[in-house]
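Here are the chains, one letter per residue:
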Amino acid sequence: MKLGIVGLPNVGKSTLFNSLTRAGAESANYPFCTIDPNVGVVTVPDERLTVLTEMHKSKRTIPAVVEFVDIAGLVKGASKGEGLGNQFLSHIRETDAIVHVVRCFEDSNIIHVDGTVDPVRDIETINLELIFADLDTVERRIAKVGRAASFDKVQAKEFEMLKKIKELLEDGKKASDFTTDDDDEIGWLRGYSLLTRKPVIYAANVSDDDIADDGVNNPYVQKVREFAKEEGSEVFVICARLEEEISELEEEERKEFLTEMGLEEAGLEKLIRASYHLLGLISFLTTGPDETRAWTITNGTKAPQAAGKIHTDFERGFIRAEVVAYNDLVACGGMTAAKEKGLVRSEGKEYVVKDGDVVLFRFNV
């Protein structure tokens, strides 16, 4: 999973990135401090892996990972070259979803590029730049396809679809408002990598005082939640400065600090949970003496395709999957006891893998 972190300058993007990845991306109180996309890979926290590793005395443990891309602060006119220009928009195209950091705190010592704090205005500023960038992509594709549309039925079909998307964008709407069940159109849309078709998670960046109650009494956060609800996006509340402090602590100190602050989990866990939910992702597990590992798949994936995540040979020569629910396995204390109680099932090609399934694939090639 690859997430692009975007937002206006000085909203806390790089501070959040630092706290998530401990990569040490430079953070300063002036626009365009991040002049190259910083990339950091972090592991997905999953206590199930620790339990299974101990149970099977695994030699190594491999968690799922998330890749974060911190992109320089966008400003009004970025799609036309303002600020650092649209060079950074290309980096967003490669991501699965966008984490849009929105400033929801007052601080006279931190400059806001528009002079005042207004999260909905800031969101609309960024969205408009993404719409303009997509419009440019669509217009260039129209120019290319249009030349052949008069004598090629396939090109003519794509041309008509492009015109509909162009109209949406010109009306200030996102490309995600265009829906289709047509396989051809779905394929073309995927190829365009339009920015406004990507799922969005809004990170409402608040002050220390507002983090304990999850921003319930923060009017800026409420506005972000209302906006996100209308477009079907996820929201999580975070204090980027606080998260950066937490990221520098050892595990035990970290737990104590979170408890003192009245927090059940750090921002990384909140973001990953929101990301998995938004993208419809789950994890299945494999375990044994050599390795315990989490594998990320789309919810609804059938057993052969899940096996293919491990190796293409597993999918090609799939015979069956031996499956036990994680909770059942732990309750029994091991695979042998789980089998004796009939909790290990033999599943075929139509089985849909569930989150927390511990799976052993049988295959032959």
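See the structure printed just above.
The text that follows walks through the structure, step by step, so that each part is easy to find. (Residues numbered from 1 in each chain as written. Predicted model: local features only at pLDDT ≥ 70, side-chain atom pairs only at ≥ 80, totals over all residues. Heavy atoms only, no water.)

**Some remarks on the overall build of the protein chain**
Applied cut-off: Starting at the N terminus, helices and strands are each numbered in turn, a helix being any DSSP run of H or I of at least four residues and a strand any DSSP run of E of at least two. For every residue, the accessible area (1.4 Å probe, protein chains only) is compared with the maximum for its type, and the residue is labelled buried under 20%, exposed over 50%, or partly exposed between those bounds. Whether two residues are in contact is decided by their heavy atoms: any pair within 4.5 Å suffices. Where accessible areas are quoted, they stem from the Shrake-Rupley method and a 1.4 Å probe; at the residue level, only the protein chains shown are allowed to cover.
Within the protein chain, the secondary structure is distributed over 15 helices and 12 strands. Within the span of the protein chain, comprising 365 residues, buried residues form 48% of the whole. Taking contacts inside the protein chain between residues at least 6 apart in sequence as the whole, the part at least 24 apart equals 69%. Surface exposure of the protein chain reaches about 18,200 Å², of which carbon and sulfur atoms provide 48%.

**Here we look at the sheet that holds strand β5 (residues 97-103)**
Rule in force here: Two strands are counted as paired when DSSP detects at least two bridges linking them. Under this scheme, a helix contributes an axis fitted over its contacting stretch, all axes are lines through C-alpha atoms, and angles between N-to-C directions fall in the 0 to 180 degree range.
Read from one edge of the open sheet, six strands run β2-β4-β1-β5-β6-β7, paired in mixed fashion. Both outer strands of the open sheet, β2 (38-43) and β7 (234-238), are each paired with one neighbouring strand and no more. Along the sheet, successive strands turn relative to each other by an average axial angle of 25°, direction set aside. Inspection of the sheet shows β5 paired to strand β6 (residues 200-205) by six bridges, in the parallel sense. Looking across to β6, one finds that Ile-98 is bridged to Val-200. Here helix α4 (residues 119-149) sits on the sheet in contact with β1 (2-6), β5 and β6, set at roughly 145° to β5.

**Regarding the packing of helix α9 (residues 240-247) against helix α10 (residues 251-260)**
Heads up, the rule is: Oblique is the label for any angle not covered by the other classes, which are roughly parallel (under 35 degrees), roughly antiparallel (over 145) and roughly perpendicular (65 to 115). Each residue receives one of three labels: charged for Asp, Glu, Lys and Arg, nonpolar for Ala, Val, Leu, Ile, Met, Phe, Trp, Tyr, Cys and Pro, and polar for the others, Gly being one of them.
Interhelical geometry of α9 versus α10 gives an angle of 150° and a closest axis separation of 9 Å. Judged by the angle between their axes, α9 and α10 are roughly antiparallel. Only Arg-254, Phe-257 and Leu-258 of α10 make contact with α9, whose side of the interface consists of Leu-242, Glu-245 and Ile-246. Partitioned by chemical class, the residues of the contact of α9 with α10 number four nonpolar, no polar and two charged.

**Section: the nonpolar core**
Selection criterion: Buried Ala, Val, Leu, Ile, Met, Phe, Trp, Tyr and Cys residues form a nonpolar core when they are joined through side-chain atoms within 4.5 Å.
With 68 residues, the main nonpolar core has Phe-68, Cys-104 and Tyr-202 as its most contacted residues. Grouped together as the second largest cluster of nonpolar side chains are 16 residues, Val-138, Val-145, Leu-168 and Tyr-192 included.

**A look at the packing of α4 against helix α5 (residues 153-170)**
To keep it simple, the criterion reads: Crossing handedness is defined as follows: a turn of the near helix away from the far one that is anticlockwise and smaller than a right angle gives a left-handed crossing, while the clockwise case is right-handed.
The contact between α4 and α5 brings their axes to 9 Å, and the two run at 155°. In terms of orientation, α4 lies roughly antiparallel with respect to α5. Handedness of the α4/α5 crossing: left-handed. Residues Ile-131, Asp-134, Leu-135, Val-138, Glu-139, Arg-141, Ile-142, Val-145, Gly-146, Ala-148 and Ala-149 of α4 lie in contact with α5, whose contacting residues are Gln-155, Ala-156, Glu-158, Phe-159, Leu-162, Lys-163, Ile-165, Lys-166, Leu-169 and Glu-170. Residue composition of the contact of α4 with α5, by class: 12 nonpolar, two polar and seven charged.

**Description of the pattern of salt bridges**
Applicable threshold: A side-chain nitrogen of Lys or Arg and a carboxyl oxygen of Asp or Glu constitute a salt bridge if their distance falls within 4 Å.
Scanning the model with the defined rule gives 29 salt bridges in all. We note a salt bridge from Asp-122 to Arg-121, for which the minimum N-O separation is 3.2 Å. Between Glu-245 and Arg-241 there is a salt bridge, with the nearest N and O atoms lying 2.2 Å from each other. With Glu-245 and Arg-241 both in helix α9, this residue pair falls four residues apart, about one helical turn. What makes Glu-245 partly exposed here is its relative accessible area of 33%. For Arg-241, a relative accessible area of 40% translates into the label partly exposed.

So yeah, pure geometry; function would need other evidence.
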